[in-house]
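Tertiary structure, described
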Amino acid sequence: YQRRVRGEMLYCRTFRYRQKLKKRIKLSTLSYLTSREKNLLSLSLSEAKEWLNEQKTTSMELTEVCFKHISHTKKYNTFITLIQNKALETASKYDKLRKEQGHKSVGKIGGVPIAIKDNFCVKDVPATCASNMLKDFVAPYDSTVSSRLEAEGAIIIGKTNMDEFGMGSANTYSIYGPVKNPWSPDKEDFVPGGSSGGSAAAVASHQVYAAVGSDTGGSVRQPGSWCGVVGFKPSYGRTSRFGLIAYASSLDTPGVITKTVEDAALLLDVIAGADINDSTSLELPVSSYTQNLSDTDQQQPLTGITVGIPLEYHVNELSQESLSIWKEGMDYMKSLGASIVSVSLPHTPYALSAYYILAPAEASSNLARYDGIRYGYREDGDTIEEMLLKSRTSGFGEEVQRRILIGSFVLSRKSYESYYKKAQQIRRLVCEDFSAVFKGPNNPEGVDVLLTPTTPTTALSLNECLAGKINPVSLYVNDVFTIPASMAGLPAISVPFKFCLLYTSDAADEEDSVDL
């Protein structure tokens, strides 16, 4: 646990230097926005907070321009629920409070609009998990994450689209329709990644300044990669799961999606920490992640940092372009003073298979509560069995049903020893692999961080995913690099490094191409 917490601090400090990437979704061509509104939307979370402190703008102005931009970019389908009235009232309250306090910052976030994934509870706001099963469910309480954010001045303007119950890698499994990657060219749509695709697309398209997601096997990092934004998964237990609707309880981790690493550290300052309502939260003090960011003016800021390159991550599915960029990343970190070494994580090839036994097993248990009797979608039937069958068949989508069936099978009496128990043993071996390579009291020669691709390929075609041309197993493989850290409960961050050209129209230039 101490190594994991140190890892969070080190990740925020080390990867802050990948800030050279300045390409973001262009706002210059949007005629419905004024020049000032474009400048406001292009700010990062930290910059927006600074503008508020310097009286260059107000929370009301930031909130209004976000809603205006969202209303004109509905094609991305990023939001399930907008909380417009409450958000505007909150913005007005913060502006008044800031004026009364002599224009001092209102909390650590300071009155900046953000979004939150629709599997987090926000009191008196629907929490649907993008599922027919919970389409009418209104949360009666706040999650710890949302309450901590609001207590520090966050304005939650809406709940973002997602894969149903967090199960998916492309954000195509939602009863509200798929999310479109904001980097998609005019002639073809691409997926944003999943399951936090709505959160990633909202940040990438400048609809909000930051967003919260949940990461079970890569659901924050993978969409962060495909949408060209920062996706950070803290250590398991570092952020509270209270009020997060469960998928796989031993893996679910609230994470953040932002425009910069500094913004990710700022949000982690707010949501990290022990919670009496979550027995799995870590009882360890929380240092300031933002204050531990190094000075970027140093010529070789990574001197003394050892970066490990796992040999087993050279998988067959890794595209040549991703491999080339991975090597460029090694050279870049080396130019900043880091030492690059090869390491071995021998049980990595088994992590993906083990995950897709353990996660569905926990899902089948967690989702057993949705029976149409206590709460959730309900259809009538002549018998209880018929009512349960109809309710769960109509309430759950295809992918959720698939994982419930897999989970029920591996937990059955005949399969438990052969599948579930073996997967748990592999999980322990994966944890031991990481312990063997990371620096610690018993391993002073170990590495500080690992550098890997986030996904084997660039974003997939939305039309191909919807047409069934990409089978579910192929989608599962996109999690091959993100799952090991989730299995071990380690912190992991996805940082944009370089744009990859997938498609360019005749009138487009390289900056308009679809990226990682």
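Each remark here, short or long, concerns the structure printed above.
Every chain begins its residue count from 1, and numbering advances along the sequence as written. Since the coordinates come from a predicted model, pLDDT governs what is reported: local features require at least 70, and pairs of side-chain atoms require 80 or more to be given and counted, while whole-chain, interface and lining totals use all residues. With hydrogens and water set aside, each side-chain value is computed from the structure's full complement of heavy atoms.

**Section: the packing of helix α4 (residues 59-72) against helix α5 (residues 84-100)**
A packed helix pair is summarised by two numbers, namely the angle formed by the two axes and the spacing between the axes. Interaxial angles span 0 to 180 degrees and are taken between N-to-C directions of axes, which are lines fitted to C-alpha atoms, for helices over the stretch in contact. A helix here means a DSSP run of H or I that spans at least four residues, while a strand means a run of E at least two residues long, and both kinds are numbered starting from the N terminus. Two elements in contact, α4 and α5, have axes whose closest approach is 8 Å; the angle formed by their N-to-C orientations is 160°. With respect to α5, the axis of α4 lies roughly antiparallel. Residues Ser59, Met60, Thr63, Glu64 and Phe67 of α4 form the contact with α5, whose participating residues are Gln84, Ala87, Leu88, Ala91, Ser92, Tyr94, Asp95 and Arg98. Residue composition of the contact of α4 with α5, by class: six nonpolar, four polar and three charged. Orientation labels follow simple angle bins: below 35 degrees gives roughly parallel, above 145 gives roughly antiparallel, 65 to 115 gives roughly perpendicular, and whatever is left gives oblique. Whether two residues are in contact is decided by their heavy atoms, any of which lying within 4.5 Å being enough. Charged means Asp, Glu, Lys or Arg here, nonpolar means Ala, Val, Leu, Ile, Met, Phe, Trp, Tyr, Cys or Pro, and polar covers whatever is left, Gly included.

**Section: the pattern of salt bridges**
Should a side-chain nitrogen of Lys or Arg be within 4 Å of a carboxyl oxygen of Asp or Glu, the pair is scored as a salt bridge. Overall, the coordinates contain 17 salt bridges when judged by the stated rule. Ionic pairing is found between lysine 68 and glutamate 37, a salt bridge with its closest N-O pair at 3.0 Å. Highlighted residues: lysine 68 in helix α4 and glutamate 37 in helix α2 (residues 35-41), separated in sequence by 31 residues. Aspartate 118 is the salt-bridge partner of lysine 159, the closest N and O atoms lying 3.0 Å from each other. One end of the pair, lysine 159, is in strand β3 (residues 154-160); the other, aspartate 118, is in the loop between β2 (112-117) and α6 (144-151), with 41 residues separating them in the sequence. Taken individually, lysine 159 and aspartate 118 each receive the classification buried, so the pair is uniform in this respect. Look at the salt bridges and you will find they share partners, linking Glu398, Glu399, Arg402 and Arg403 into a network. Throughout this description, buried means an accessible area under 20% of the type-specific maximum (1.4 Å probe, protein chains only), exposed means over 50%, and partly exposed covers the range between.

**Some thoughts on the packing of helix α11 (residues 348-366) against helix α13 (residues 398-410)**
For the pair α11 and α13, interaxial distance at closest approach is 7 Å and the crossing angle is 100°. In terms of their interaxial angle, α11 and α13 are classed as roughly perpendicular. Contacts between α11 and α13 involve Tyr356, Ile357, Pro360, Ala361 and Ser364 from the first element and Arg403, Ile404, Ile406, Gly407, Ser408 and Val410 from the second. The class makeup of the residues in the contact of α11 with α13 is seven nonpolar, three polar and one charged.

**Here we look at the side chain of asparagine 181**
Of note, asparagine 181 is situated in the loop between β3 and α7 (197-204). Overall, the relative accessible area of 1% leaves asparagine 181 in the buried class. Here tryptophan 183 takes part through its backbone nitrogen, which lies 3.0 Å from a polar atom of the side chain of asparagine 181. Distance and chemistry together define a polar contact, namely a pair of N or O atoms within 3.5 Å, with one atom able to donate a hydrogen and the other to accept it when in protein, and with adjacent residues in sequence counting only for side-chain atoms on both sides. At 3.1 Å, the side chain of asparagine 181 forms a polar contact with the backbone oxygen of valine 191. Residue contacts for asparagine 181: discarding those within four places in its chain leaves Phe190, Val191, Pro192, Trp226, Cys227 and Ala459.

**Comments concerning unusual backbone geometry**
Put simply, glycine 194 and serine 195 share a cis peptide bond, and its omega is 10°. Of note, the phi angle at asparagine 171 is positive, near 60°, even though the residue is not glycine. Looking at the secondary structure, you find asparagine 171 in the loop between β3 and α7.

**Some points on the pairing of strand β5 (residues 230-233)**
Side chains Val230 and Phe232 project from β5 onto one buried face, and the interleaved Gly231 and Lys233 project onto a second face that is buried too. Where β5 and strand β6 (residues 253-258) come together, three bridges link them in antiparallel fashion. Each bridged residue has a counterpart across the sheet, and for glycine 231 the counterpart in β6 is isoleucine 257. Bridge count between β5 and strand β10 (residues 492-494): three bridges; the pairing is antiparallel. When the bridges of β10 are listed, phenylalanine 232 appears paired with isoleucine 493. A pair of strands is considered paired only if DSSP assigns at least 2 bridges between the two.

**Quick word on the sheet that holds β10**
Note on sheets: strands pair through backbone hydrogen bonds, and any given pair is parallel or antiparallel. As summarised here, the arrangement of the seven strands in space is β1-β3-β2-β4-β6-β5-β10, forming an open sheet in which the pairing is mixed. Looking at the sheet topology across the chains shown, the edges are occupied by β1 (79-82) and β10. With strand direction ignored, the average angle separating the axes of adjacent strands in the sheet is 25°. Contacts from helix α9 (residues 261-271) reach β4 (210-215), β5, β6 and β10, with the element oriented near 145° to β6.

**Re helix α10 (residues 320-335)**
Helical geometry note: an α-helix holds 3.6 residues per turn, so side chains three or four residues apart project in the same direction. In this analysis, the expected span of each helix is defined as 1.5 Å times one less than the number of residues it contains. Its 16 residues give α10 an end-to-end C-alpha distance of 23 Å, which sits within 8% of 22 Å, the value for a rise of 1.5 Å per residue. All of the buried residues in α10 are Ser322, Leu323, Ile325, Trp326, Gly329, Met330, Tyr332 and Met333. Where α10 ends, the next residue or the one after it, glycine 337, has phi of about 105°, a positive value.

**A look at the environment of glycine 337**
Turning to its location among the elements, glycine 337 is positioned in the loop between α10 and β8 (339-343). Classification of glycine 337 as buried rests on a relative accessible area of 16%. When the C-alpha atoms of glycine 337 and glutamine 300 are compared, they prove to be 4.8 Å apart, with 37 residues separating the residues in sequence. Excluding anything up to four places from it in sequence, glycine 337 contacts Gln300, Leu302, Thr303 and Gly304.

**What to know about the environment of serine 199**
Topologically, serine 199 is positioned in helix α7. In sequence terms serine 199 and cysteine 227 are 28 residues apart; their C-alpha atoms lie 10.0 Å from each other. Once residues within four sequence positions are removed from consideration, serine 199 is found in contact with Lys117, Thr160, Asn161, Ala211, Val212 and Ile257. Among the polar contacts made by the side chain of serine 199, one reaches the side chain of threonine 160 at a distance of 2.8 Å. Here valine 212 takes part through its backbone oxygen, which lies 3.1 Å from a polar atom of the side chain of serine 199.

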